[in-house]
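Spelled out, the chains give:
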Amino acid sequence: MAVRFELLKESSECNARLGKLYTPHGVIETPIFMPVGTRATVKAMTPEEVKDLGAQIILSNTYHLYLKPGHKLIEEAGGLHKFMNWDKPILTDSGGFQVFSLGKLRKISEEGVEFRSHIDGSKHFISPEKSIEIQNSLGSDIMMALDECTPYPSDYEYTKESLERTTRWAKRCKEYHKDWDRQALFGIVQGGMYKDLREQSIKEITDLDLPGYAIGGLSVGEPKELYRDMLSFTAPKLPKNKARYLMGVGSPDYLFDAVISGIDMADCVLPTRIARNGTVLTSHGKLVIKNAEYKRDFGKLDPECDCYTCKNYSRAYIRHLFNVDEILAARLATIHNLYFLIKLMENIRTAIKEDRLLEYREQFYKKYGYI
Ligand SMILES: CC(C)(C)OC(=O)NCc1c[nH]c2nc(N)[nH]c(=O)c12
Ligand SMILES: [Zn+2]
């Protein structure tokens, strides 16, 4: 059995739940936040550091690794786990989303997506079969079906056409994949901001009877209220005994909304990306460490955090590192931001266990400054 989701406990006060996701490279306690390691590295982190932060699974990217260094090279190296020295679970995104957001001059057809590499403009073509072939070479524990992340906003007709193609592509991915004991395939639900189309996509994708399902096409720039409305409509409709994965979500409030709607897994480049720009998440809200106000602030980045960065360095020192563009700046901020979100999810799991998730959210929001 490649991947199996076990539902452990449903919250009595909302759709949140505790689960276990069994994979060939280990068991994952959900709900979980997955750090993104797009090009076979969680930027600025060694795998040991990512593990020490408490990460149970990381994401990597079909589109990027296909372009460089090439999936065949990684296969020769013994697969992605070996290549990047990470022995826990890996989930690979299918490349669809990246082609749409990174690739230039792309053309979508029934067969797949033709695009030019964002690196050197060379022409490429990814079909559902090609995406699975690449992910088979990478050897990830969880593969994502090739989908079209329907852009926002899109009209009803286009959104319907797009989700129906995504369904046909998911079927082709399922037919092409062979070794179900080694790798699982998750389907991706689309349907934009139209509730009836989301229902259609849920029906079509879950009819494929896969070990897990993702919600795509949310957090694509739509207003927060629309995101929350579509999320709370869609998530509970996914099969409750399968893993539910919300793609591209990562700020604290968006994660709370996701868990409360019944989501088990989420990923986002946010914490690592903003860390490299000097923005850190703290218990009392976001903080731009380069601001002059921290020049002589010899306190911790986050007084309530016990991560390596907060235990050993001051705001003044970290601000200095950013000011002189030192590599260590990105590393220390990344360590803290990843730890902050991974710890948040651990606290959320505990709160679900103790049936006090909504109260915990209230406390967190007050301190963070959301309310
Ligand atoms: C704009 C950000 C990245 C924040 O969110 C989204 O785009 N969210 C949607 C998303 C993220 N990653 C995906 N992968 C795939 N295959 N399909 C998707 O729809 C998505
Ligand atoms: Zn910290």
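Residues numbered from 1 in each chain as written. Chains lettered and ligands numbered in written order. Predicted model: local features only at pLDDT ≥ 70, side-chain atom pairs only at ≥ 80, totals over all residues. Heavy atoms only, no water.

### Considerations on unusual backbone geometry
The omega torsion of the bond from Thr30 to Pro31 falls at 5°, within 30 degrees of zero and hence cis. With respect to the helices, strands and loops of the structure, Pro31 is situated in the loop between β3 (26-30) and β4 (32-34). Look at the link from Tyr152 to Pro153: it is a cis peptide, with omega at -5°. (Helix = DSSP H or I, 4+ residues; strand = E, 2+ residues; numbered from the N terminus.)

### Here we look at the coordination of the zinc ion (ligand 2)
By definition of the ideal shapes, four donors in a tetrahedron about a metal sit 109.5 degrees apart, and six donors in an octahedron sit 90 or 180 degrees apart. Within the first shell, the zinc ion (ligand 2) binds the protein through Cys305 (SG), Cys307 (SG), Cys310 (SG) and His336 (ND1), at distances of 2.1 to 2.3 Å. For the zinc ion (ligand 2), the single-chain donor residues occur in sequence as C-x1-C-x2-C-x25-H. With Cys307 in the loop between β16 (285-288) and α12 (308-312) and His336 in helix α14 (residues 327-353), this pair connects stretches of sequence that are 29 residues apart. In this structure Cys307 comes out as buried when scored by relative accessible area, which is 1%. (Donors = N, O, S within 2.8 Å, 3.2 Å for Na, K, Ca; no water. Buried < 20%, exposed > 50% of the residue type's maximum accessible area, 1.4 Å probe, protein only.)

### A few points about the packing of aromatic side chains
On inspection of all chains with the given rule, the structure shows 14 aromatic pairs. Note on Phe256 and Phe364: the rings are 5.3 Å apart at their centroids and 50° apart in plane angle, and the pair reads as tilted. Residue Phe256 is found in helix α10 (residues 252-261), and its partner Phe364 is found in helix α15 (residues 357-368); the two are separated by 108 residues along the sequence. The exposure class assigned to Phe364 is buried, which follows from its relative accessible area of 9%. Here the aromatic rings of Tyr308 and Tyr313 are separated by 5.5 Å at their centres, their planes lie at 70°, and the arrangement is edge-to-face. The rings of Phe256, Phe340, Tyr360, Phe364, Tyr365, Tyr368 and Tyr370 are connected pair by pair, giving a single aromatic cluster. The lysine or arginine in question, Arg4, covers the ring of Tyr22, its NZ or CZ lying 4.3 Å from the ring centre. Looking at Arg361, its charged tip hangs above the ring of Tyr365, at a distance of 5.8 Å from the centre. (Phe/Tyr/Trp six-rings, centres within 6.5 Å; stacked < 30°, edge-to-face > 60°. Lys NZ or Arg CZ within 6 Å of the ring centre and 35° of its normal.)

### Observations regarding the packing of α10 against α14
At a minimum axis distance of 11 Å, the contact between α10 and α14 shows a crossing angle of 30°. With respect to α14, the axis of α10 lies roughly parallel. Considering how the two elements wind past one another, α10 and α14 form a crossing that is right-handed. On α14, the residues touching Pro252, Leu255, Phe256 and Val259 of α10 are Phe340, Leu341, Leu344, Met345, Ile348 and Ile352. (Axes fitted to C-alpha atoms, helices over the stretch in contact; angles between N-to-C directions. Parallel < 35°, antiparallel > 145°, perpendicular 65-115°, else oblique. Left-handed = near helix turned anticlockwise from the far one by under 90°. Contact = heavy atoms within 4.5 Å.)

### Some details on the site of ligand 1
Close contacts around ligand 1 come from 14 residues, with Asp93, Asp147, Gly217, Leu218 and Ser219 the closest. Within the side chain of Gln190, one N or O atom sits 3.1 Å away from an oxygen atom of ligand 1. Measuring from an oxygen atom of ligand 1, one finds a backbone N or O atom of Ser219 at 2.9 Å. Starting from 450 Å² of accessible surface for ligand 1 in isolation, the protein chains cover 82%. (Near = heavy atom within 4 Å. Polar contact = N/O pair within 3.5 Å; in protein donor to acceptor, adjacent residues only side chain to side chain. Areas by Shrake-Rupley, 256 points an atom, 1.4 Å probe, with all protein chains shown as cover.)

### What to know about the domain arrangement of the protein chain
Here the protein chain is partitioned into domain 1 (4-267) and domain 2 (273-370). For domain 1 versus domain 2, the distance between C-alpha centres works out to 27 Å. At the junction of the two partners, domain 1 supplies 32 residues and domain 2 supplies 25 residues. At the boundary of domain 1 with domain 2, total buried surface from both sides reaches about 2700 Å², with 71% on carbon and sulfur atoms. For the pair domain 1 and domain 2, the interface holds three salt bridges. Here Lys9 makes a salt bridge to Asp355, at a shortest N to O gap of 3.3 Å. (Domains from an automatic or database assignment. Buried area = accessible area lost by both parts, 1.4 Å probe. Salt bridge = Lys/Arg side-chain N within 4 Å of Asp/Glu carboxyl O.)

### Brief notes about the confidence of the model for the protein chain
In the predicted model, the protein chain carries a mean pLDDT of 96, and the fraction of residues at 70 or more is 99%. Scoring of the predicted complex yields 0.97 for pTM and 0.95 for ipTM. (pLDDT = per-residue confidence, 0-100.)

### Quick word on the UniProt feature "binding site: Zn(2+)" (unreviewed entry) in the protein chain
Here, the residues flagged by UniProt with the feature "binding site: Zn(2+)" (unreviewed entry) are Cys305, Cys307, Cys310 and His336. For the residues just named, distributed over 32 residues, the greatest C-alpha separation is only 8.3 Å, placing them together at one site. Restricting the annotated residues to those that line the second largest pocket leaves Cys305. Contact partners of Cys307, with chain neighbours within four places excluded, come to Ile335, His336 and Tyr339. Excluding anything up to four places from it in sequence, His336 contacts Val280, Leu281, Thr282, Leu301, Asp302, Cys305, Cys307, Thr309 and Cys310. (UniProt positions renumbered as here; feature names shortened; annotations may be inferred. 1 Å grid on protein atoms, 1.4 Å probe; cavity = no way out; pocket = protein on both sides within 12 Å on 5 of 7 lines; lining within 4 Å.)

### Focus on the sheet that holds β4
Spatially, β4-β14-β13-β12-β11-β10-β6-β5 is the arrangement adopted by the eight strands of the open sheet, whose pairing is parallel. Because the sheet does not close on itself, it has two edges, and the strands there are β4 and β5 (58-61). Going from strand to strand, the sheet's axes swing by 25° on average, the running direction of each strand aside. Inspection of the sheet shows β4 paired to strand β14 (residues 265-267) by three bridges, in the parallel sense. Within β14, the residue paired with Ile32 across the bridge is Met265. Contacting β11 (184-189) and β12 (212-215), helix α8 (residues 195-206) crosses the sheet at an angle of about 160° to β11. (Pairing = 2+ DSSP bridges.)

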